[in-house]
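Okay, here's what each chain looks like letter by letter:
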Amino acid sequence: MIVSHDKLTETNAQTLLTVSGLLVEVGERALLTDFDLKVEPGALIEINGPNGSGKTTLLRYLAGVRRAHKGTVDYLGHSLAYIGQKSGLNSSMTVFENLTWISQNADQEITEPDLLDALAELGLKARRNTPVGALSAGQARRCGLASLRVFDAKVWLLDEPLTSLDASASDWLKDSITAHRAENGAAVVATHTSLGLPDTVTIDLDLP
Amino acid sequence: MSAFLIAFNRTIRIGWRHPLDSLNPMAFFIIVTSLISITVEGGFSATESALAIAILWVVLLLSTMMASGSAYAQDYEDGSLEQLIAQNQSLYISVQGSVAARWFLSSVPLLALVPLGAWMLNLDMSVWGMLFLTLIPGSIVFALFGVLGATLTLGVGRNGVLLALLVLPLYVPVLLLGVGACQRSLGQEPFEFALIGIYAIAVASITFLPFAIAALLRVSQEY
């Protein structure tokens, strides 16, 4: 990820994320060229597009998992939380241990009661000492989403967050995104199914 | 908590729950050394200690390769590696912590078996001290190169043969220096050069190889 300090002074201090001239590629194949994006506080951006159009790859560039070879991705000092298609959870570690590792990894201090509160909201408090490998796909997905409560991140990057979720967990996610936006956070979501939240900006990607 | 301790604690915790990852190389070490000792007619004589030293080193090397083949494979599969990279922690320090934990989990138990192997191979006790003095830095280098090889082949799937082909040549200098130092010590010859050499390689490996491993972990996310 290239962080441009010059841009910091030029950009609106409120802006959470700026992307300019980004080349999104898989191997030698360019999926997006000169991609620009500016994410302001309170924004919800949905990235739509058919399979293979580059939604997940774009999100991985935004998260810094893949490095930009052309263009810049600049968080202007703000922190991010990334929930990819893979759970990011170790199957032999418990729910609680995984979330503790995620918070430590993000260099964020979080107390045990806060972690338990996050798990309680998603109905996982009773499973806190269960290895993630023993959870159902939906419960593991919930556990991954609980990390959003663990992070004190301004920008949430969510890849197909509704996958494997039941109605109550989907509602929890939508409520969380709404509350996050109200607190001047923002979310960028790659999804086939719109979350249906108000004031959503949609970016449609086409097959290259 | 520092990135080193976070990675160290996590790797120890996961390793503790997969004891076979440490026990299999230990079983391999015992089986090979015991089979060699019983198939040599009349056992190893004192004059064959030089050969016994080389056998112990090679068996320890192969056992370490068994243990390190799966490094970061699970993190790659379950997306933990994505999280590690996305959160912009110092990957270099994190790799050091993870490799240190792997050395502790896999190599330390193997080192504890060395006296048993040395006894089975009838190795002259006068060289046991030198054996440990060289095997400790040697096993650290083996662990680092093993993880380097494993990260090179992340995403390749069943990577055992490829891993061996990639990494085996890198082990040779340490192997030659370590065995050489022990054999020279046994023959009352000067061994300081070989000893300094193996420690120098260990220090250089601890310092520089985590950079290479961290870079390879990032590259693994590009495809």
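Quantities reported herein were computed from a predicted structural model and do not represent experimental measurements.

Quick notes on the rules
- Residues numbered from 1 in each chain as written.
- Chains lettered and ligands numbered in written order.
- Predicted model: local features only at pLDDT ≥ 70, side-chain atom pairs only at ≥ 80, totals over all residues.
- Helix = DSSP H or I, 4+ residues; strand = E, 2+ residues; numbered from the N terminus.
- Rg over C-alpha atoms; globule rule 2.2 N^0.38 Å.
- Buried ≥ 20, exposed ≤ 12 C-beta atoms within 10 Å, placed from the backbone.
- Contact = placed C-beta atoms within 7 Å.
- Axes fitted to C-alpha atoms, helices over the stretch in contact; angles between N-to-C directions.
- Left-handed = near helix turned anticlockwise from the far one by under 90°.
- Nonpolar A, V, L, I, M, F, W, Y, C, P; charged D, E, K, R; others polar.
- pLDDT = per-residue confidence, 0-100.
- Expected span 1.5 Å × (residues − 1).
- Arc of directions from axis to C-beta.
- Core = buried A, V, L, I, M, F, W, Y, C linked by C-beta atoms within 7 Å.

1. Focus on the overall build of chain A
So, point 1. Of regular secondary structure, chain A possesses six helices and eight strands.
So, point 2. Order of helices (α) and strands (β) in chain A, N terminus to C terminus: α-β-β-β-α-β-β-α-α-α-β-α-β-β.
So, point 3. Its C-alpha radius of gyration of 17 Å places chain A within 12% of the 17 Å reference for a compact globule of 208 residues.
So, point 4. Its C-alpha atoms give chain A principal-axis dimensions of roughly 45 × 35 × 35 Å.
So, point 5. In chain A, buried positions account for 43% of the 208 residues.
So, point 6. Contacts in chain A between residues at least 24 apart in sequence constitute 75% of all its contacts with a sequence separation of at least 6.

2. Observations concerning the packing of helix H1 (residues 3–17) of chain B against helix H6 (residues 91–120) of chain B
Residues and elements named next belong to chain B.
So, point 1. In contact at an axis separation of 7 Å, H1 and H6 are set at 35 degrees when each is read in the N-to-C sense. Considering only the axes of H1 and H6, their crossing is right-handed. Here Ala 3, Phe 4, Leu 5, Ile 6, Ala 7, Phe 8, Thr 11, Ile 12 and Gly 15 of H1 lie close against H6, whose contacting residues are Ile 93, Ser 94, Gln 96, Gly 97, Ser 98, Ala 100, Ala 101, Arg 102, Phe 104 and Leu 105.
So, point 2. Partitioning the contact of H1 with H6 into residue classes produces twelve nonpolar, six polar and one charged.

3. Here's the deal with the confidence of the model for chain A
Residues and elements named next belong to chain A.
So, point 1. Of the residues in chain A, 93% reach a pLDDT of 70 or more, and the chain-wide mean stands at 85.
So, point 2. No element of chain A has a lower mean pLDDT than helix H1 (residues 5–10), at 38, and none a higher one than strand E7 (residues 186–190), at 94.
So, point 3. The low-confidence segment residues 1–11 (pLDDT under 50) makes 15 contacts with residues lying over four places distant or belonging to another chain.

4. As for the interface of chain B and chain A
So, point 1. Contacts between chain B and chain A engage 23 residues on the former and 22 residues on the latter.
So, point 2. Put simply, the parts of the chain that give the side of chain B that touches chain A at least two residues each are H1, helix H4 (73–78) and helix H5 (80–86) of chain B.
So, point 3. Considering only residue class, the side of chain B that touches chain A consists of seven nonpolar, nine polar and seven charged.

5. A look at the environment of B:Val174
Residues and elements named next belong to chain B.
So, point 1. Turning to its location among the elements, Val 174 is positioned in helix H8 (residues 160–186).
So, point 2. Remark: the alpha-carbon pair of Val 174 and Val 141, spanning 33 residues in sequence, is separated by 7.8 Å.
So, point 3. Beyond its immediate sequence surroundings of up to four residues, Val 174 is in contact with Gly 138, Val 141, Ile 198 and Ile 201.

6. Topic: helix H6 (residues 167–182) of chain A
Residues and elements named next belong to chain A.
So, point 1. In this model H6 runs 23 Å from its N-terminal to its C-terminal C-alpha over 16 residues, within 8% of the 22 Å that 1.5 Å per residue would give.
So, point 2. Of the positions making up H6, those classed as buried are Ala 169, Leu 173, Ser 176, Ile 177 and His 180. One side of H6 holds all its buried residues, which, seen down the axis, span an arc of 100 degrees. Among the exposed residues of H6, those pointing more than 90 degrees away from its buried face are Ala 167, Ser 168, Asp 171, Asp 175, Ala 179 and Ala 182.
So, point 3. Residues of H6 that are buried in the fold lie against strand E3 (44–48), helix H5 (137–150), strand E6 (155–159) and E7.
So, point 4. Looking one or two places after H6, you find Asn 184, whose phi comes out positive at around 70 degrees.

7. A look at the nonpolar core
So, point 1. Counting 124 residues, the largest nonpolar core has A:Ala146, A:Val155, A:Leu157, A:Val188 and B:Leu56 as its most contacted members.
So, point 2. The element that contributes the greatest number of residues to this core is helix H7 (residues 128–152) of chain B, accounting for twelve residues.

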